[in-house]
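One-letter residues, chain by chain:
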Amino acid sequence: MTPSEPVPPAEPLTPSEPVPPAEPLSPVSRTALSVARVRAYESSRPDPLFVDPYAAAFVEAAGLPLPTSGSGGDLAKALVAHGILRTRFYDDRLLAAGADQVVLLAAGLDTRAYRLDWPAGTRVFELDLGPVLAFKEQVLDGIGARPRSGRTTLPADLLDPDWPARLVAAGFDPSRPSAWLAEGLLVYLSPEEAAGLLTAVAGLAAPGSRLLTEKGGDVAATPQDPALAHITDLWRGGLGPDTHGWLDRHGWTTGLTALDRVGATYGRPLSRPSTRGFIEAVRRTGD
Ligand SMILES: C[S@@+](CC[C@H](N)C(=O)[O-])C[C@H]1O[C@@H](n2cnc3c(N)ncnc32)[C@H](O)[C@@H]1O
């Protein structure tokens, strides 16, 4: 656990040499590097939907090539477009949630604590497996990055039952509303694991709290691309296309924004209709 107080953001520098993770990242944690590559790519484009000035530092530190435009097949292009749109959508919805406690489940290399303009008094809690959080700190410390919110990191396996108590011990107040993000996480869990995790979240989410996550898809129907097997072979589906229905039945009122609409809203229309989308759920009173 590493609490820190907000200080003004520093100009990020990129490391001159790769500084690989002190402890090797597991295959599922390496998917956080894939997301960082997408964010580095978008940040380098003209008219980006967001700028993550730290994403390239993670990619370079891991010794990976920086992404270039136009590479990859249809699945790669779809995943990149999805990753860009969901980053911007969640940026906007987390700030709009207005909660001063924000929990990033499986935060990976998410730098929202460093790059978003949080209201004074906001604390961002970041939970993920220990090695990925250690790598993140190593890189961010190395470039002198400073968070723009209070920030508490908590190494945790979200499948272990002890993380809710550890989050409370780290300063999270379950009696007050909070905002939760499960971005790029549920698909790596089985239906039972995803349901167990969301049940644990519900136990900490006071009425009025918000939860953002993806509408799942049918992973069995995912097109095969050998270049992406290191990611897609790890997909177990989570709660699938019924994620919002499950939340509705378990004490949340859900809104679903289709990916097409998000693309149109941000001036990035999709080339074909999508069944994907993003869920914003509000914790009901008395459930
Ligand atoms: C695709 S990445 C997404 C990271 C981050 N949410 C983002 O969008 O940048 C998936 C993340 O889930 C984390 N993860 C997977 N299973 C986990 C578990 N059981 N406990 C904690 N973190 C887990 C991985 O370590 C990895 O950082």
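See above for the structure.
Asker: Any chance you could break down the site of the ligand for me, citing the residues and the numbers?
Answerer: Inspection of the region around the ligand gives 21 residues, with Ser29, Arg39, Ala106, Asp128 and Glu183 positioned closest. In the model, an oxygen atom of the ligand is placed 2.7 Å from a nitrogen or oxygen of the Ser29 side chain. One nitrogen or oxygen atom from the side chain of Asp128 is found 2.6 Å from an oxygen atom belonging to the ligand. In isolation the ligand offers 600 Å² of accessible surface; the protein chains occlude 96% of this area. Of the residues forming the shell around the ligand, the biggest block, six residues, is contributed by helix α1 (residues 27–44). For the shell around the ligand, the per-class residue count stands at 11 nonpolar, four polar and six charged.

Asker: Account for the pattern of salt bridges, naming residues and giving values.
Answerer: A full pass over the atoms with the stated rule returns 21 salt bridges. Between Glu183 and Arg39 there is a salt bridge whose closest N-O contact spans 3.0 Å. Of this pair, Glu183 sits in the loop between β4 (179–182) and α7 (191–204) while Arg39 sits in helix α1, and the two are 144 residues apart along the sequence. Per residue, the accessibility class of Glu183 equals that of Arg39, and both read buried. A salt bridge links Asp52 to Arg115; its shortest N-O distance comes to 4.0 Å. Of this pair, Asp52 sits in the loop between α1 and α2 (55–61) while Arg115 sits in helix α4 (residues 112–115), placing them 63 residues apart in sequence. By the burial criterion, Asp52 is buried, and Arg115 matches it. Each of the salt bridges in this network shares a partner with another, and the network as a whole consists of Arg39, Asp52, Arg86, Asp91, Asp110, Arg112, Arg115 and Glu183.

Asker: How would you sum up the sheet that holds strand β5 (residues 210–215)? Please name residues and give values.
Answerer: Read across the open sheet, the seven strands follow the order β3-β2-β1-β4-β5-β7-β6; overall the sheet is mixed. Here the strands that pair on one side only, and so sit at the sheet edges, are β3 (150–155) and β6 (252–258). Put simply, the sheet's adjacent strands are angled 20° from each other on average, direction ignored. Note that strand β1 (residues 101–105) and β4 share four bridges and pair parallel. When the bridges of β4 are listed, Leu105 appears paired with Ala182. On the sheet, helix α3 (residues 74–97) packs against β1, β4, β5, β6 and β7 (277–283) and is oriented at approximately 165° with respect to β5.

Asker: I'd love a proper account of the nonpolar core, names of residues and values included.
Answerer: Ranked by internal contacts, the top residues of the largest apolar core, which has 41 residues, are Phe58, Leu94, Leu109 and Phe135. Secondary-structure elements contributing two or more residues to this core are α1, α2, α3, β1, α4, α5 (130–142), β4 and α10 (259–265). Setting aside chain neighbours within four positions, we find Phe135 in contact with Val19, Pro20, Pro21, Leu25, Leu33, Phe58, Ala61, Ala62 and Leu109. With 31 residues, the next largest nonpolar core counts Ala156, Phe172, Leu211 and Ala281 among its residues.

Asker: Can you lay out α3 for me, pointing to particular residues and giving the numbers?
Answerer: With 24 residues, α3 should reach 34 Å at 1.5 Å per residue; the first-to-last C-alpha distance of 34 Å fits that figure. The set of residues buried in α3 consists of Leu75, Ala76, His82, Gly83, Ile84, Leu85, Arg86, Thr87, Phe89, Tyr90, Asp91 and Leu94. Following α3 by one or two positions, Gly98 has its phi on the positive side, about 70°.

Asker: Which residues make up the packing of aromatic side chains, and what are the values?
Answerer: Taken as a whole, this structure holds eight aromatic pairs when the rule is applied. Geometrically, the ring pair formed by Phe172 and Trp180 is edge-to-face, given 5.5 Å between the ring centres and 70° between the ring planes. Across this residue pair, the class does not change: Phe172 and Trp180 are buried. Members of the aromatic cluster, connected to one another through ring pairs, are Phe125, Trp163, Phe172 and Trp180.

Asker: Which residues make up the pairing of β7, and what values do they have?
Answerer: Among the seven residues of β7, six are classified as buried, and the element is accordingly described as predominantly covered. Both β5 and β7 contribute to a ladder of six bridges, which runs antiparallel. Within β7, the position partnered with Glu214 by the bridge is Phe278. Where β6 and β7 come together, seven bridges link them in antiparallel fashion. Among the inter-strand pairings, Thr254 is bridged to a residue of β7, identified as Ala281.

What counts, and at which threshold
Residues numbered from 1 in each chain as written. Predicted model: local features only at pLDDT ≥ 70, side-chain atom pairs only at ≥ 80, totals over all residues. Heavy atoms only, no water. Near = heavy atom within 4 Å. Polar contact = N/O pair within 3.5 Å; in protein donor to acceptor, adjacent residues only side chain to side chain. Areas by Shrake-Rupley, 256 points an atom, 1.4 Å probe, with all protein chains shown as cover. Helix = DSSP H or I, 4+ residues; strand = E, 2+ residues; numbered from the N terminus. Nonpolar A, V, L, I, M, F, W, Y, C, P; charged D, E, K, R; others polar. Salt bridge = Lys/Arg side-chain N within 4 Å of Asp/Glu carboxyl O. Buried < 20%, exposed > 50% of the residue type's maximum accessible area, 1.4 Å probe, protein only. Pairing = 2+ DSSP bridges. Axes fitted to C-alpha atoms, helices over the stretch in contact; angles between N-to-C directions. Contact = heavy atoms within 4.5 Å. Core = buried A, V, L, I, M, F, W, Y, C linked by side-chain atoms within 4.5 Å. Expected span 1.5 Å × (residues − 1). Phe/Tyr/Trp six-rings, centres within 6.5 Å; stacked < 30°, edge-to-face > 60°.

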